[in-house]
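# A look at the structure
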Amino acid sequence: MNNADMPAMAFEEITERNGSGSVTKFRNHKGLTKREHFAAMAMQGFLSSWAECDAVVLDDIASDAVGMADALLKALEQES
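Thresholds applied
Numbering of residues starts from 1 in each chain and follows the order in which that chain's sequence is written. In view of the model being predicted, local features appear only for residues whose pLDDT reaches at least 70, and side-chain atom pairs are presented and counted only at 80 or more, with totals across whole chains, interfaces and linings using the full set of residues. Each side-chain value is derived from all of the structure's non-hydrogen atoms; neither hydrogens nor water enter the calculation. For every element, the axis is a line fit to its C-alpha atoms; helices are fit only across the contacting stretch, and the angle between N-to-C directions ranges from 0 to 180 degrees. Secondary structure is summarised from DSSP: a helix means a run of H or I of at least four residues, a strand means a run of E of at least two, and numbering begins at the N terminus for each. Working definition: roughly parallel below 35 degrees, roughly antiparallel above 145 degrees, roughly perpendicular at 65 to 115 degrees, and oblique for all remaining angles. The sense of a crossing depends on the near helix, which, turned anticlockwise from the far helix by less than a right angle, makes the crossing left-handed and, turned clockwise, makes it right-handed. Any pair of residues with heavy atoms lying within 4.5 Å of one another is described as a contacting pair. Classification used: nonpolar for Ala, Val, Leu, Ile, Met, Phe, Trp, Tyr, Cys and Pro, charged for Asp, Glu, Lys and Arg, polar for all others including Gly. Each residue gets a pLDDT score, which is the predictor's confidence in that residue and runs from 0 to 100. Expected helix span is given by 1.5 Å per residue-to-residue step, counting one fewer step than there are residues. Relative accessible area decides the class of each residue, using a 1.4 Å probe on protein chains only: under 20% of the type maximum gives buried, over 50% gives exposed, and in between gives partly exposed. Here a patch means residues that are over 30% exposed by relative accessible area and free of salt bridges, tied together within 9 Å if like-charged and within 5 Å if nonpolar (Val, Leu, Ile, Met, Phe, Trp, Tyr). Here the Shrake-Rupley method, with its probe set to 1.4 Å, supplies the accessible areas, and only the displayed protein chains count as covering residues. Any carboxyl oxygen of Asp or Glu that lies within 4 Å of a side-chain nitrogen of Lys or Arg is treated as forming a salt bridge with it. Nonpolar core, defined: a set of buried Ala, Val, Leu, Ile, Met, Phe, Trp, Tyr and Cys residues in which side-chain atoms within 4.5 Å join the residues together.

### A look at the packing of helix H1 (residues 34-47) against helix H2 (residues 55-79)
- The interhelical angle for the contact between H1 and H2, taken along N-to-C directions, is 130°, at an axis separation of 8 Å. Between H1 and H2, the crossing angle belongs to the class labelled oblique. Handedness of the crossing formed by H1 with H2: right-handed. For the pair H1 and H2, contact is made by Lys34, Arg35, Phe38, Ala39, Ala42, Met43, Phe46 and Leu47 and by Leu58, Ile61, Ala62, Asp64, Ala65, Val66, Met68, Ala69, Asp70, Leu72, Leu73 and Leu76, respectively.
- Broken down by class, the residue content of the contact of H1 with H2 amounts to 16 nonpolar, no polar and four charged.

The following block contains the structure:
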């Protein structure tokens, strides 16, 4: 799994014991990927300065937001 597809939020490891004493462990990491989260934050920033948008403008903003998320992920990969 690449960095863009990793969960954006921390996930929890859950341990359960049943009546016979056995342990079940699983990880709960449903939710947005880092790419989706970063794109949503970029889109939120764009839209915070707009009073109204038509569908064409929203499509452009969405594409730009995804591009910004990809650029951020690329820059983060280069830092490592």
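### Some details on the side chain of threonine 33
- Inspection of the secondary structure puts threonine 33 in the loop between strand E2 (23-28) and H1.
- Leave out the neighbours within four places in its chain, and threonine 33 touches Ala4, Asp5, Met6, Pro7 and Ala8.

### Notes on the confidence of the model for the protein
- Averaged over every residue, the pLDDT of the protein is 81; residues scoring 70 or more account for 84%.
- Per-element confidence in the protein is highest for H1, whose mean pLDDT is 91, and lowest for E2, whose mean pLDDT is 67.

### A look at H2
- The end-to-end C-alpha distance of H2, which contains 25 residues, comes to 36 Å, matching closely the 36 Å that a straight helix rising 1.5 Å per residue would cover.
- Within the sequence span of H2, burial applies to Ile61, Ala65, Ala69 and Leu73.
- Close packing links the buried residues of H2 with H1.

### Examining a nonpolar patch on the surface
- A grouping of Leu47, Trp50 and Leu58 is seen on the molecular surface, where their side chains present a nonpolar patch of about 240 Å² in accessible area.
- Tracing the backbone shows leucine 58 in helix H2.
- Judged by relative accessible area, which is 31%, leucine 58 ranks as partly exposed.

### Things to note about the pattern of salt bridges
- If you walk through the whole model with that rule in mind, you get one salt bridge.
- Close ionic contact of aspartate 70 with arginine 35 constitutes a salt bridge, the shortest N to O distance being 2.6 Å. One end of the pair, aspartate 70, is in helix H2; the other, arginine 35, is in helix H1, and 35 residues separate them in sequence.
- The exposure class assigned to arginine 35 is partly exposed, which follows from its relative accessible area of 34%.

### Regarding the nonpolar core
- In terms of nonpolar packing, the biggest core is built from five residues, these being Ala4, Phe38, Ala39, Ala69 and Leu73.
- Secondary structure elements with two or more residues in this core: H1 and H2.
- Apart from residues no more than four positions distant in its own chain, alanine 69 is found in contact with Arg35, Phe38 and Ala39.

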